[in-house]
Each structure stands twice: as structure tokens, then as C-alpha cells.
Amino acid sequence: MFLQLLTGLSVLKVVLGARSCDRQYTLSSGTVTSQTSGYYSNNQNCQYDIQVNFGKGIKLTWSTFDIKGYMPNCNDDYVEIFIGCRRYSIGRYCNQNENNLNTPFDVYSPDNCLRIKFHSDGSTNGRGFKAYYSAFSLTAGTSGVGGSCSSTRSLSSSYGVISSQSWPRAYPSLKDCYWKIDVGRYKNIKIAFMDFNLESDKGVIMIKLK
């Protein structure tokens, strides 16, 4: 009986310790980091929840991103991003190799919630991530993403963000917008929708996206 009690306590400590890295952020802006210094530990499963005031959206900008794994699946270490209070995943992200330390695209949440899930396996470690978040108004002004679409926009960067004009406010009528993405030969393109809301009539979408 005494041995069983000690075993039970040991298991309890392991379970609690595995989630001790969870964090919650409620200020209108702040910094989210995977660890304070050095390299992240093995076998981590951490959640970072950001929730700002109602009526606001969230912009997340990365300053450090060194998560060991291979895109697009990221089966080793990864960061998974969940948009909105309904926790819609826009995918897992990681670095492909030692020389690819580019930070990912800025993340925009169309409501006041955003979650980052960080996972590490038992092998190679990286420097982790550091990101800055800030709230923006969903009703006044613009998010700084949406631009005009009077002509085709050509994009050649390895990562970036595009949006309809005036997002997150309603897009204008009678517009034809085109984006051409060309990242060079022998590379794939991964597109993640952070917000998708098109006009519909009785369940039929009236706006086309090709």
C-alpha cells in the first residue's frame, strides 16, 4: 500500500509538471516566449492562451523562431496556431534545417482569442520562439493588412500575409482582386486561412475564390 501511494504521487507530479509551462495573457499587448533563455527542453507540451478585450482582434509578430522540424508536416518539434475563441487550427509550423531560421508570417485573429501550442520531442532542440502580440480594433480603422486590388499583386517572399481590401471590415462591392505568388522552382506553397467570410444567399456563396 505504501509503495502504491508513492507511485501514485510520482505519476501525479509528472502530469502536473508536463503542463507547468502553460501561460495565459490578458493584457492588450505583450510578449510570448517558449522559454526564458537557452534552448527549449525535450518532451514539452505547452499552451499559450491570449485573450484580449471583446471587440478586438489580435496580431502576432514573431521575432525569434527556431523550432526543429520539417515542413509541411512538422512531425518532430512544432508550433501549432489556433485562431479565434473557437480554436480553429491554421496548421503546424517549424524550421526545415539549421540554416532556415526565417520567422513565419504575422498571424491575425479575427476575434479576441488566440492560442499557441508548442510541442517538442525527445531529440534535437532549438532556441524556441519569441513573439509580440497586440490588440487591434475590429470596427475602426484597418488592420494594416488589406490593400487596394486595382491590379494583380505579385508576391515572391518565402512567407507573408494577404487579405481582402479593408479586412477585417467588410470588403467593397464590384471588385476583382488577384494575387500571384511565385517563390521559385522546387518549392511548395502552404496557404492557411485565418479568416474566411464571404457573402452568401440561402447557403450559396455569391463571391468566388479560385
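Values in this document were obtained by computation on a predicted structure and should not be read as measured data.

Caption draft 1: Quick peek at the sheet that holds strand E3 (residues 45-51). The five strands are arranged E1-E3-E8-E5-E6 in an open sheet whose pairing can be described as mixed. The open sheet has two edge strands with one neighbour each: strand E1 (23-25) and strand E6 (88-93). Averaged over all adjacent pairs, the angle separating strand axes in this sheet is 15°, with direction ignored. When E3 meets strand E8 (residues 113-119), the two strands line up antiparallel, connected through seven bridges. Paired with glutamine 47 across the strands is lysine 117, a residue of E8.

Caption draft 2: Up close: the sheet that holds strand E9 (residues 128-137). In spatial order, the strands read E2-E9-E4-E7; together these four strands make up an open sheet with antiparallel pairing. Because the sheet does not close on itself, it has two edges, and the strands there are strand E2 (29-33) and strand E7 (107-109). Here the average twist between neighbouring strands, direction ignored, is 20°. For strand E4 (residues 56-66) and E9, the ladder comprises 10 bridges, and the chain directions are antiparallel. Looking at the pairing, isoleucine 58 lines up with alanine 135 of E9.

Caption draft 3: Local environment of the state of the cysteines. All chains considered together, the criterion is met by three disulfides. Here cysteine 21 connects covalently by a disulfide to cysteine 46, the sulfurs 1.9 Å from one another. A torsion of -100° about the S-S bond marks the disulfide between cysteine 21 and cysteine 46 as left-handed. Here cysteine 21, found in the loop between helix H1 (2-18) and E1, pairs with cysteine 46, found in strand E3; they are 25 residues apart in sequence, far enough to count as distant. Classification of cysteine 21 by relative accessible area gives buried; the value is 13%. The residue that forms a disulfide with cysteine 74 is cysteine 94, at a sulfur-sulfur distance of 2.2 Å. Between cysteine 74 and cysteine 94, the S-S torsion sits near -85°, and that sign places the bridge as left-handed. Of this pair, cysteine 74 sits in the loop between E4 and strand E5 (78-83) while cysteine 94 sits in the loop between E6 and E7, and the two are 20 residues apart along the sequence. Here cysteine 74 and cysteine 94 have matching classes, each one buried.

Caption draft 4: The side chain of glutamine 35, seen in detail. Along the chain, glutamine 35 falls in the loop between E2 and E3. A polar contact of 3.1 Å, which involves the side chain of glutamine 35, links it to the backbone oxygen of glycine 38. A distance of 2.6 Å separates a polar side-chain atom of glutamine 35 from the backbone oxygen of arginine 127. In this structure, glutamine 35 is in contact with Tyr40, Arg127 and Gly128, ignoring residues within four places of it in sequence.

What counts, and at which threshold
Residues numbered from 1 in each chain as written. Predicted model: local features only at pLDDT ≥ 70, side-chain atom pairs only at ≥ 80, totals over all residues. Heavy atoms only, no water. Pairing = 2+ DSSP bridges. Helix = DSSP H or I, 4+ residues; strand = E, 2+ residues; numbered from the N terminus. Axes fitted to C-alpha atoms, helices over the stretch in contact; angles between N-to-C directions. Disulfide = S-S within 2.5 Å. Buried < 20%, exposed > 50% of the residue type's maximum accessible area, 1.4 Å probe, protein only. Polar contact = N/O pair within 3.5 Å; in protein donor to acceptor, adjacent residues only side chain to side chain. Contact = heavy atoms within 4.5 Å.

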